[in-house]
Amino acid sequence: MNKPVVLVAEELSPAGIAVLGADFEVRQTDGADRSQLLPALAEADALIVRSATQVDAEALSHAPRLRVVARAGVGLDNVDVDAATKAGVMVVNAPTSNITSAAEHTVALILASARNVAQGHSALKGGEWKRSKYTGVELDQKVVGILGLGRIGQLVAQRLQPFGVELIAYDPFLQPARAAQMGVRMVTLEELLAESDFITVHLPKSKETLGLIGDRELHAVKPSVRIVNVARGGIIDEAALYAALKEGRVAGAGIDVFAKEPCTDSPLFELDSVVVTPHLGASTHEAQEKAGTQVARSVKLALSGEFVPDAVNVQGGAVAEDVKPGLPLAEKLGRVFTALARETATKLDIEVRGEIAAHDVRVLELAALKGVFTDVVEESVTYVNAPLLAQERGVSVELVTSMESPDWRNVVTVRGVLADGRNVSVSGTLSGPRQITKIVEVNGFAMEIEPTEHLAFFGYFDRPGIVGIVGRILGDHSINIASMQVSRDEKGGRALIALTVDTAIPDDLLPAMMSEIGADSARTVDLAD
C-alpha cells in the first residue's frame, strides 16, 4: 500500500521530519523554484512550507491529491487561504511557535535600550572607552506600558515583573479584571503615553493600528521614554519616531520590525539612541524547531482524518454540507461586530436560527469567534484558539439555536453586551441560489446589504436631506458609493445609513461627516484581507 506523500518544500528541522515517522513518504523540493515545485505537487498529499514558497491558485491546481498545506511558522502571507479553501485543502500553521522567542527578544531590546548595550559594544570594538557617555537607566520602579495584552504581551508582562516595574496596558479588547489577575493595570492610550517610561508594542497590524503611534502621540510621551517594537512594522510611524528622537522628545528605541522589509537603509539607523535588529523576534533555534514539529503533528492528524487544532480555514472535523457555506458568513459577521463595538464585549451570544439549526452548528460559533478576534490579536486566530482568546479576555460566550426564523430561511447573529451596558448586534444570511452573503440587521435596524471590502454605518435622527449630504461629501473626496441603505425605527426617529464604498473612508473624514449630518455614531469596517 502506497504511503501518503508529504512534500517538504523548504528546510524543516530534523525533529519535524522525525515526527512524520515511517508512516509517510517524505519528498524534498525547492519551493522557491516553480519549475521544481509544480511537477512535484502532482503526487503530494501534504505540502510543508516556510515563507519562500508561494502557495497560490496556480500551485494548488497542480496538486489534485493535496489535502493539507502546512506553514512552519506564524504568518500566512505566502499561502492563498481562500484558494485553498475553495480547493478543499486544509491550511495549518504554528501559531504559538514563536511567542516565547518574541517575548524574550522584547525584553532584550528593552534592556539593550535602557543600558546602551549596542552603543557601548560598538564604541569599545572601535577602540573607544566611553563609559560615562553610555550611562543608562534601571528598570526598577519604572512604568512599562504594554500596547496589546495578547499572548506575547502577557508573556512580556510575566518576564518583566521580577524587575520591579509597574505594568500598565492599553487593550480595549481585554477585560480589566483579567489584566488585574496578571498584575497589570488597564489604562487609556493617552494615559499609557503620559505615564510610561518604557512602551512596548504587541498589537496586530490593521487599519486601526497602522500609524497608531504617530507624531501626535509622540508629543504626549515623557522625554525619557524608550519605545520598543517587536510586533509589526508600521504601527509606529518611523518618520515621526525619527523626529521625536532627533528633537529629544523620546530618549531611545529598540526596533525589530519595519514598515517595509527587508529594510537596510533608514534614518533611524543614523541615531545612536536606536537599537535595531532585522526582524529577529522569531529567529531562535527553539522557535524554528517548535514550528517544524507543530506542523508535522498537524499534517499527521490531517492525513489521518483526525481533528486538527491549528487548522486555519476549516474546523478539522466533520461539518455538515448545509453548514459549510455559513462559515465565511459567520466569520465576516464577527469582524463587523468588532468594528462596530471597538472594544471587547463582556458577553457574546452567537445565534443561529432557521433550518440550518437542525444540524450541529457549533462550528459557526467558532467561525464567529474567529472573526471577532481576527483584527484584535497579534497571533493567527483559529477555530481552536478562538474560544481560548475569549476566555483569556473575560468574555462569556453562548451559542443560541432555534428552528424558528420568521424573516429568513437561515440567519446568523453575533450579539454582544459591552462593559458600559450597550448592546451591539449584526445579523447575516445567505441569499438565493448563489448563496450571496448579506448583512440583514445592525443594532436592531433591518437592512439587506452585501458586505464588501469597505463598509460604513452612520447613526442619526431621521430628517430630510441626509442622503444627499453623505453623497456630496464622499463625492468631493472621490469616494464612490457602491450601495446605500437607510433604515429607521419610525418616521423622524432613530435612523441608520449603511454604505458600501469602493475605497476606504479615511478616519479623519468621519468627524466632518458626523458634524454635517448630525450623526451621533460613525463606524467604518474594512473586510479587505
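Before reading on, note that the structure itself is shown above.
Just so we're clear, the structure is a prediction, and the values are computed from it rather than from any experiment.

(A) Fine view of the overall build of the protein. The number of helices and strands found in the protein is 17 helices and 22 strands. What you see for the protein is a C-alpha radius of gyration of 25 Å, in line with the 24 Å of a compact globule of 529 residues. For the protein, the proportion of its 529 residues judged to be buried stands at 52%. Long-range contacts, defined as pairs at least 24 residues apart, comprise 65% of the intrachain contacts of the protein with a sequence gap of at least 6. With an accessible surface of roughly 23,500 Å², the protein has 51% of that area assigned to carbon and sulfur atoms. Side-chain charges in the protein split into 50 positive and 70 negative, and the spacing between the mean points of these groups amounts to 2 Å.

(B) Summary view of the packing of aromatic side chains. Evaluated as defined, the whole model comprises one aromatic pair. On the basis of an interplanar angle of 90° and a centroid distance of 5.9 Å, the ring pair of Phe258 and Phe269 is categorised as edge-to-face. Of this pair, Phe258 sits in the loop between β11 (252–255) and β12 (274–276) while Phe269 is found in the loop between β11 and β12, placing the two residues eleven residues apart along the sequence. By relative accessible area, Phe269 is classed as partly exposed at 33%. Directly above the aromatic system of Phe461 lies the positively charged group of Arg494, at a separation of 4.9 Å from the ring centroid.

(C) Inspection of the sheet that holds strand β6 (residues 143–147) at higher detail. Strand order across the open sheet formed by seven strands is β8-β7-β6-β9-β10-β11-β12, with parallel pairing between neighbours. Both edges of this open sheet fall to β8 (185–186) and β12, since each of them pairs with a single strand only. Pairing geometry for strand β9 (residues 198–201) and strand β10 (residues 226–229), over four bridges, is parallel. Bridge pairing in β10 places Ile199 opposite Ile227. In the packing of helix α5 (residues 99–115) onto the sheet, contacts are made with β9, β10, β11 and β12, and the angle to β10 comes to roughly 155°. Here helix α11 (residues 238–246) sits on the sheet and contacts β10, β11 and β12; the angle it forms with β11, its principal contact strand, is near 150°.

(D) Expanded view of the pattern of salt bridges. Within the structure shown, the criterion is met by 27 salt bridges. A salt bridge links Glu166 to Arg185, with the nearest nitrogen and oxygen atoms 2.8 Å apart. Of this pair, Glu166 sits in strand β7 (residues 166–170) while Arg185 sits in strand β8, and the two are 19 residues apart along the sequence. A salt bridge links Arg409 to Glu355, with the nearest nitrogen and oxygen atoms 2.9 Å apart. In this pair, Arg409 is assigned in the loop between β14 (396–402) and β15 (410–418) and Glu355 in the loop between β13 (345–354) and α14 (362–374), connecting sequence segments 54 residues apart. What makes Arg409 exposed here is its relative accessible area of 61%. Each of Glu25, Arg27 and Glu43 takes part in salt bridges that share partners, so that together they form one network.

(E) Geometry of the packing of helix α16 (residues 466–476) against helix α17 (residues 510–517). At a closest axis distance of 10 Å, the pairing of α16 and α17 adopts a crossing angle of 155°. As the angle between them shows, α16 and α17 are arranged roughly antiparallel. Crossing geometry of α16 relative to α17 is assigned as right-handed. Two secondary-structure elements touch here, α16 through Ile466, Ile469, Val470, Arg472, Ile473 and Leu474 and α17 through Met513, Glu516 and Ile517. For the contact of α16 with α17, the residue count by class is seven nonpolar, no polar and two charged.

(F) Summary view of the sheet that holds strand β21 (residues 494–501). Pairing in this open sheet of four strands is antiparallel, and the strands run β20-β21-β19-β22 from one edge to the other. Each edge of the open sheet is held by one strand with a lone partner, namely β20 (481–488) and β22 (521–526). If you compare each strand with its neighbour and ignore which way they point, the axes differ by 15° on average. Strand direction decides the pairing type here: strand β19 (residues 454–461) and β21, joined by seven bridges, are antiparallel. The partner of Ala456 across the bridge, within β21, is Leu499.

(G) Examining unusual backbone geometry more closely. In this structure, Pro262 follows Glu261 across a cis peptide bond, with omega equal to 0°. Assignment of secondary structure puts Pro262 in the loop between β11 and β12. Its identity as a non-glycine residue notwithstanding, Gln141 has a phi of 70°, on the positive side. Along the polypeptide, Gln141 turns up in the loop between α6 (117–125) and β6. Gln141 sits in the exposed class, given a relative accessible area of 63%. Located in the positive-phi region is His279, a residue other than glycine, with phi close to 55°. Here His279 falls in the partly exposed class, since its relative accessible area comes to 38%.

(H) Representation of the pairing of strand β4 (residues 68–71). Taking every second residue as pointing to the same face, both faces of β4 are buried, with Val68 and Ala70 on one and Val69 and Arg71 on the other. Looking at chain direction, β4 and strand β5 (residues 90–92) are connected through three bridges and run parallel. If you follow Val69 over to β5, its bridge partner there is Val91. Read as a crossover between parallel neighbours, the route from β4 over helix α4 (residues 81–86) to β5 is right-handed.

(I) A look at the nonpolar core. In terms of nonpolar packing, the biggest core is built from 49 residues, with Phe337, Leu364, Val414, Val426, Ile439 and Phe457 touching the most fellow members. Looking at this core element by element, the count peaks at nine residues for helix α13 (residues 326–341). Once you skip the residues sitting within four places of it in the chain, Leu364 turns out to touch Val323, Gly326, Leu327, Ala330, Ile350, Val352, Ile356 and Val412.

(J) How the structure looks around the pairing of strand β1 (residues 5–8). Burial along β1 is two-sided: Val5 and Leu7 facing one way and Val6 and Val8 facing the other are all buried. Bridge analysis of β1 against strand β2 (residues 25–28) gives four bridges, and the strand direction is parallel. Bridge pairing in β2 places Leu7 opposite Arg27. Note on the crossover from β1 through helix α1 (residues 14–20) to β2: the handedness is right-handed. Of the strand pairs in this sheet, β1 and strand β3 (residues 46–49) are connected by three bridges, and their pairing is parallel. Across the sheet, residue Val8 finds its bridge partner in β3, namely Ile48.

(K) Focus on helix α7 (residues 151–160). Taking burial as the measure, the ten residues of α7 include eight buried ones, the bulk of the element. Looking only at α7, the buried set comprises Arg151, Ile152, Gly153, Gln154, Leu155, Val156, Ala157 and Leu160. In this fold, the buried residues of α7 make contact with α5, β6, β7, α8 (176–181), β9 and α15 (385–392).

Calculation notes
- Every chain begins its residue count from 1, and numbering advances along the sequence as written.
- Thresholds applied to this predicted model are a pLDDT of at least 70 for local features of residues and 80 or more for the giving and counting of side-chain atom pairs; totals over whole chains, interfaces and linings are not thresholded and use all residues.
- Processing note: side-chain calculations cover all non-hydrogen atoms of the structure and skip hydrogens and water entirely.
- Going along the chain from the N terminus, every DSSP run of H or I of four or more residues is numbered as a helix, and every run of E of two or more is numbered as a strand.
- C-alpha atoms define the radius of gyration, and 2.2 Å times the number of residues to the power 0.38 defines the globule rule.
- The buried label goes to any residue with under 20% of its type's maximum accessible area, the exposed label to any with over 50%, and the partly exposed label to all in between, with areas taken from a 1.4 Å probe on protein chains only.
- In what follows, residue pairs with any heavy atoms lying within 4.5 Å of each other are defined as contacts.
- The method behind every accessible area is Shrake-Rupley, applied with a 1.4 Å probe, and residues are considered shielded solely by the protein chains displayed.
- Only four residue types enter the charge count: Lys and Arg as positive, Asp and Glu as negative, with His and the chain ends excluded.
- In plain terms, the charge of a residue is placed at NZ if it is Lys, CZ if Arg, CG if Asp and CD if Glu.
- Aromatic rings from Phe, Tyr and Trp, taking only the six-membered ring of Trp, are treated as a pair when their centres fall within 6.5 Å; an angle between ring planes under 30 degrees marks them as stacked, one over 60 as edge-to-face, and anything in between as tilted.
- Put simply, a charge is over a ring when the Lys NZ or the Arg CZ is close to the ring centre, within 6 Å, and near the line of the ring normal, within 35 degrees.
- Paired strands, as defined in this entry, are two strands with at least two bridges between them according to DSSP.
- A fitted line through C-alpha atoms serves as each axis, taken over the contacting stretch for helices, and the angle formed by two N-to-C directions is quoted from 0 to 180°.
- One side-chain nitrogen of Lys or Arg within 4 Å of one carboxyl oxygen of Asp or Glu is enough to make a salt bridge.
- Throughout, the term roughly parallel applies to angles under 35 degrees, roughly antiparallel to angles over 145, roughly perpendicular to angles from 65 to 115, and oblique to all others.
- Each crossing is labelled by how the near helix is turned from the far one, with a counterclockwise turn of less than a right angle marking it left-handed and a clockwise turn marking it right-handed.
- Note on residue categories: nonpolar means Ala, Val, Leu, Ile, Met, Phe, Trp, Tyr, Cys or Pro, charged means Asp, Glu, Lys or Arg, and polar means any other residue, Gly included.
- Here is how to tell: hold the view so the strands point away, follow the path from the first strand over the helix to the second, and if it runs clockwise the crossover is right-handed.
- As used in this record, nonpolar core signifies buried Ala, Val, Leu, Ile, Met, Phe, Trp, Tyr and Cys residues forming a set joined through side-chain atoms within 4.5 Å.

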